[in-house]
Amino acid sequence: MPELIAKSALEGQSLTLGGVTLAEVDVGPITSVAVLPGGAKAAAKGLKALGLAMPEQNRFAEKKGARLVWTGREQAFLIGADCPPLEGAAVTDQSDGWTVLGLSGAGAVDVLARLVPLDLRLKACPVGCALRTQVNHMNAVILRTGDYGFEIMVFRSMARTAWHELETATHMVAARAGVKI
């Protein structure tokens, strides 16, 4: 019987250019949590074990390495922690379906401005924002993790394309700033 070896979509790839760092991020398990009709109280009770509650629209919450990310009405991704038993919710392991790319540095917003149809400057998108949007033509979830930091979640099947798009935009921003490549 063949032995399957789990590996990331981009094998830990990283790039730093012009003060911007692009890197694949291992966030641990990703579980989709969809609250069933009438199940909000039961689901909240289960999430309380992690110190988390369903996030507000376009937000995420963190506690002790676990993150609960808004992904839609009555839906969220639990990231970085095993999902406790949740009555009142449908839960699905999504770990192998997503790739997470970290983008950080003072020019990160400028890189994303070339690919994302939203204003991601700090005033419009403060730390703690979770946005369902597109990175060029790919569906994505973008998290604002710091003043100069983002995590970009894309379908694993689009990981190399997302990397290429972000790398190209990083090169463009660096060239515009006069950074020697």
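In this text the structure is predicted, and so the values were computed from the model without any measurement.

Conventions and cut-offs
Residues numbered from 1 in each chain as written. Predicted model: local features only at pLDDT ≥ 70, side-chain atom pairs only at ≥ 80, totals over all residues. Heavy atoms only, no water. Helix = DSSP H or I, 4+ residues; strand = E, 2+ residues; numbered from the N terminus. Buried < 20%, exposed > 50% of the residue type's maximum accessible area, 1.4 Å probe, protein only. Contact = heavy atoms within 4.5 Å. Areas by Shrake-Rupley, 256 points an atom, 1.4 Å probe, with all protein chains shown as cover. Salt bridge = Lys/Arg side-chain N within 4 Å of Asp/Glu carboxyl O. Core = buried A, V, L, I, M, F, W, Y, C linked by side-chain atoms within 4.5 Å. Arc of directions from axis to C-beta. 1 Å grid on protein atoms, 1.4 Å probe; cavity = no way out; pocket = protein on both sides within 12 Å on 5 of 7 lines; lining within 4 Å. Points joined across faces, edges and corners; volume = space filled by probe spheres on them. Pairing = 2+ DSSP bridges. Axes fitted to C-alpha atoms, helices over the stretch in contact; angles between N-to-C directions.

**Q** For the overall build of the protein chain, give the residues involved together with the corresponding values.
**A** For the protein chain, the helix and strand inventory stands at three helices and eleven strands. Going from the N terminus to the C terminus, the protein chain shows its helices and strands as β-β-β-α-β-β-β-β-β-α-β-β-β-α. By its C-alpha atoms, the protein chain is 55 × 50 × 30 Å across when sized along the principal axes. When burial is assessed residue by residue, the protein chain has 44% of its 181 residues classed as buried. The long-range share in the protein chain, meaning contacts at least 24 apart out of those at least 6 apart in sequence, stands at 61%. For the protein chain, the accessible area works out to roughly 10100 Å², and carbon and sulfur atoms hold 52% of it.

**Q** Lay out the pattern of salt bridges in plain terms, naming residues and giving numbers.
**A** Applying the stated criterion across every chain yields a total of four salt bridges. One salt bridge connects Asp119 with Arg121, and the closest N-O pair in it is separated by 2.8 Å. Looking at Arg121, the relative accessible area reads 54%, which means it is exposed. Three or more residues joined by partner-sharing salt bridges are found here, namely Glu62, Arg67 and Glu151.

**Q** Lay out the nonpolar core in plain terms, naming residues and giving numbers.
**A** Leu103, Leu112, Leu120, Val135, Ile152 and Leu166 are the most contacted members of the largest nonpolar core, which has 30 residues in total. Elements that contribute at least two residues to this core include exactly strand S2 (20-25), strand S8 (98-104), helix H2 (108-113), strand S9 (130-135), strand S10 (138-146), strand S11 (149-155) and helix H3 (159-176). Among the elements that make up this core, the one with the highest residue count is H3 (six residues). Apart from residues lying up to four places away in sequence, Val135 is in contact with Leu115, Val116, Ala140, Ile142 and Ile152.

**Q** Residues and numbers for helix H1 (residues 40-48), please.
**A** For H1, the full list of buried residues reads Ala43, Gly46 and Leu47. Buried residues along H1 cover an arc of 100° about the axis, so they all sit on one side. In H1, those exposed residues whose orientation departs by more than 90 degrees from the buried face are Lys41, Lys45 and Lys48. Buried residues along H1 sit in contact with strand S3 (30-35), strand S5 (66-72) and strand S7 (89-93).

**Q** How would you sum up the layout of surface pockets? Please name residues and give values.
**A** Computed from the structure, the largest pocket encloses a volume of approximately 310 Å³. If you go around the largest pocket, you meet 17 residues; those closest to its centre are Ser8, Glu24, Asp26, Trp98 and Arg156. Those elements that place two or more of their residues in the lining of the largest pocket are S2 and S8. Ranked by residue count, the leading element in the lining of the largest pocket is S8, at three residues.

**Q** Any chance you could break down the sheet that holds S7 for me, citing the residues and the numbers?
**A** If you walk across this open sheet you meet the five strands as S4-S5-S6-S3-S7, and the pairing is antiparallel. With one partner strand each, in any of the chains shown, strand S4 (60-63) and S7 form the two edges of the open sheet. Pairs of neighbouring strands in the sheet enclose a mean axial angle of 20°, with direction left out of account.

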